Amino acid sequence: MYELYIRPMFRATDRDHMGFSLDLWTYEDVVAHADHILDRLEGDMPPASLGGPWPQEWIDLFRRWKDSGLKRLELGTAQFTVTRSAGAVTVKATGTFPAAGFTGWLQLESETETAKTYVLYFEPPDAPTAGTAEEFEFMEQYSPSDNRAVFIHDSTGTTQP
């Protein structure tokens, strides 16, 4: 999956170096140029002056990802609530997966001194699965003394529940 395994391997220096022709942090650009990127990686790129070549394991992972269909996660949709109590701050997402066989989770995407942003990811099955879409409930909890604002990033955009 691009978001979990491929995107994190592209360093800021890699992105800057290739910025004249593509954005290595954008799924669509990486897919469109996957063959070229793999050729460059296998040719000892990036050069030592720009952080050095990727380890062979990373190159192998990129090749497997490319050869297995360039998979990615989907942003999900749910009902979100944030509750604050004396014991915890709870972020909850509830809903129904888009189809049978999907999995998903709520993940901390970023945090600053004033806010936390969570993302709702859905992982589609490798092949269509018969059956009924399942309901889900995901929760994240953290210290009640943490009074930062909470934002949710899902398929509808970024909102504050």
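Residues numbered from 1 in each chain as written. Predicted model: local features only at pLDDT ≥ 70, side-chain atom pairs only at ≥ 80, totals over all residues. Heavy atoms only, no water.

Undergrad: Which parts of the structure should I look at to understand the overall build of the chain?
TA: A tally of helices and strands in the chain yields five helices and eight strands. Reading the chain from its N terminus to its C terminus gives the helix and strand order α-α-α-α-α-β-β-β-β-β-β-β-β. Taken over the C-alpha atoms alone, the chain extends approximately 55 × 45 × 25 Å along its principal axes. The burial tally for the chain puts 34% of its 161 residues in the buried class. Considering only contacts within the chain whose residues lie at least 6 apart along the sequence, 63% involve residues at least 24 apart. Summed over all atoms, the accessible surface of the chain reaches about 9100 Å², with 51% contributed by carbon and sulfur. Here the chain holds 13 positive side-chain charges and 25 negative ones, and the gap between their average locations is 3 Å. (Helix = DSSP H or I, 4+ residues; strand = E, 2+ residues; numbered from the N terminus. Buried < 20%, exposed > 50% of the residue type's maximum accessible area, 1.4 Å probe, protein only. Contact = heavy atoms within 4.5 Å. Areas by Shrake-Rupley, 256 points an atom, 1.4 Å probe, with all protein chains shown as cover. Lys, Arg positive; Asp, Glu negative; His and termini not counted. Charge placed at Lys NZ, Arg CZ, Asp CG, Glu CD.)

Undergrad: What's the story with helix 4 (residues 34-42) in this structure? I'm lost.
TA: Count 3.6 residues to each turn of an α-helix, and residues three or four apart come out pointing the same way. Three or more residues of helix 4 are buried, namely Ala-34, Ile-37, Leu-38 and Leu-41. Angularly, the buried residues of helix 4 cover 100 degrees about the axis, an arc narrow enough to put them on a single face. In helix 4, the exposed positions angled more than 90 degrees off the buried face are occupied by Asp-35 and Asp-39. Looking at the packing, one finds that the buried side of helix 4 touches helix 3 (27-32) and helix 5 (56-67). Looking one or two places after helix 4, you find Asp-44, whose phi comes out positive at around 65 degrees. (Arc of directions from axis to C-beta.)

Undergrad: Even after reading the chapter, I still don't get the sheet that holds strand 2 (residues 79-84), so can you show me in this structure?
TA: What holds strands together in a sheet is hydrogen bonding between their backbones, with the strands either parallel or antiparallel. Pairing is antiparallel in the open sheet, where three strands are placed in the order 2-3-6. With one partner strand each, in any of the chains shown, strand 2 and strand 6 (135-142) form the two edges of the open sheet. The average undirected angle you get between the axes of adjacent strands in this sheet is 15 degrees. Note: strand 2 against strand 3 (residues 89-96), six bridges, orientation antiparallel. Residue pairing across strands places Val-82 opposite Val-91, the latter belonging to strand 3. (Pairing = 2+ DSSP bridges. Axes fitted to C-alpha atoms, helices over the stretch in contact; angles between N-to-C directions.)

Undergrad: Explain the nonpolar core to me, please; I cannot follow it from the model alone.
TA: As a rule of thumb, soluble globular proteins bury nonpolar side chains together. Counting 18 residues, the largest nonpolar core has Phe-10, Val-30, Ile-37, Phe-62 and Trp-65 as the members making the most contacts within it. Residue assignment for this core shows that the elements contributing at least two residues are helix 1 (2-6), helix 3, helix 4 and helix 5. If one sorts the elements of this core by residue count, helix 4 sits on top with four residues. When near neighbours in sequence (up to four residues on either side) are disregarded, Trp-65 contacts Met-1, Tyr-2, Ile-6, Tyr-27, Val-30, Val-31, Leu-70 and Lys-71. Residues Phe-80, Phe-97, Phe-136 and Ile-152 belong to the second largest nonpolar core, which totals 16 residues. (Core = buried A, V, L, I, M, F, W, Y, C linked by side-chain atoms within 4.5 Å.)

Undergrad: Would you explain the packing of aromatic side chains in this entry?
TA: Pairs of aromatic rings are described using the distance from one ring centre to the other and the angle between the two planes. One pass over the structure, following the stated rule, counts 15 aromatic pairs. A ring pair is formed by Phe-122 and Phe-136, whose centres lie 5.4 Å apart and whose planes are at 75 degrees; its orientation type is edge-to-face. Taken together, the positions of Phe-122 in strand 5 (residues 115-123) and Phe-136 in strand 6 put the pair 14 residues apart, joining distant regions of the chain. The residues Phe-122 and Phe-136 share a single accessibility class, namely buried. Joined through ring pairs, the aromatic side chains of Tyr-2, Phe-10, Tyr-27, Trp-54, Trp-58, Phe-62 and Trp-65 make up one cluster. Sitting above the plane of the Tyr-27 ring, Arg-72 keeps its charged end 4.1 Å from the centroid. (Phe/Tyr/Trp six-rings, centres within 6.5 Å; stacked < 30°, edge-to-face > 60°. Lys NZ or Arg CZ within 6 Å of the ring centre and 35° of its normal.)

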